[in-house]
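Examining the three-dimensional arrangement
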Amino acid sequence: KGVSLQIIDLDGVCFVNNLSDRQRLSELTTLVSSLAWWDNDPILISRCLQVYMKDGSSWCRNVEAICQKLQNKVGRKLAKRKKTWKP
């Protein structure tokens, strides 16, 4: 199996002490969408959420529901990006 190289631009990163559940899901959607754009792994979304939940599980009561929301949001974001992307 080949090596997968991914570059993440952290130039616009800012640290926030408190996020609402909606903000947290939005930020996670942006991160996972960027990874999914380059690596079309069908289990990428759930794997990213599992890793994220290891340290931040207190904000989520229903992991399955959040995973489904995340999958839907990432799917819509990628579909929109595909329409406008020009190589």
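In this report, we go over the structure that sits alongside the text.

Definitions and cut-offs
Residues numbered from 1 in each chain as written. Predicted model: local features only at pLDDT ≥ 70, side-chain atom pairs only at ≥ 80, totals over all residues. Heavy atoms only, no water. Core = buried A, V, L, I, M, F, W, Y, C linked by side-chain atoms within 4.5 Å. Buried < 20%, exposed > 50% of the residue type's maximum accessible area, 1.4 Å probe, protein only. Helix = DSSP H or I, 4+ residues; strand = E, 2+ residues; numbered from the N terminus. Contact = heavy atoms within 4.5 Å. Patch = residues over 30% accessible without salt bridge, like charges linked within 9 Å, V, L, I, M, F, W, Y side chains within 5 Å. Areas by Shrake-Rupley, 256 points an atom, 1.4 Å probe, with all protein chains shown as cover. Salt bridge = Lys/Arg side-chain N within 4 Å of Asp/Glu carboxyl O. Lys, Arg positive; Asp, Glu negative; His and termini not counted. Charge placed at Lys NZ, Arg CZ, Asp CG, Glu CD. Expected span 1.5 Å × (residues − 1). Arc of directions from axis to C-beta. Polar contact = N/O pair within 3.5 Å; in protein donor to acceptor, adjacent residues only side chain to side chain. Axes fitted to C-alpha atoms, helices over the stretch in contact; angles between N-to-C directions. Parallel < 35°, antiparallel > 145°, perpendicular 65-115°, else oblique. Left-handed = near helix turned anticlockwise from the far one by under 90°. Nonpolar A, V, L, I, M, F, W, Y, C, P; charged D, E, K, R; others polar.

Residues Val32, Leu49, Leu70 and Val74 are the most contacted members of the largest nonpolar core, which totals 17 residues. The set of elements that each furnish at least two residues to this core consists of helix H1 (21-38), helix H2 (44-56) and helix H3 (63-84). When residues in this core are grouped by element, the largest group, six residues, is from H1. Residues contacting Val74, with those up to four places away along its chain left out, are Thr29, Val32, Ser33, Ala36 and Ile45.

What follows covers a positive patch on the surface. Side chains of Arg22, Lys69, Lys73, Arg76, Lys77 and Lys80 sit close together on the surface and give a patch of like positive charge. When residues of the positive patch are assigned to their parent elements, the largest contribution, five residues, is made by H3. Looking at the element boundaries, Lys77 is found in helix H3.

With 22 residues, H3 extends 32 Å from end C-alpha to end C-alpha; this agrees with the ideal 32 Å at 1.5 Å per step. When we look at burial in H3, the residues that qualify are Ile66, Cys67, Leu70, Val74 and Leu78. Each buried residue of H3 sits inside an arc of 95° when the element is viewed along its axis, so together they form one side. Exposed residues on H3 whose side chains face more than 90 degrees from its buried face are Arg76, Lys80 and Lys83. Its side-chain oxygen at 3.3 Å from the backbone nitrogen of Glu64, Asn62 defines the N-terminal cap of H3.

This brings us to the packing of H1 against H3. In contact at an axis separation of 9 Å, H1 and H3 are set at 55° when each is read in the N-to-C sense. Put simply, H1 runs oblique to H3. In this structure, H1 meets H3 at a crossing whose hand is right-handed. Contact residues: Leu25, Leu28, Thr29, Thr30, Val32, Ser33, Ser34, Ala36 and Trp37 in H1; Ile66, Lys69, Leu70, Lys73, Val74, Lys77, Leu78, Arg81 and Lys82 in H3. Partitioned by chemical class, the residues of the contact of H1 with H3 number nine nonpolar, four polar and five charged.

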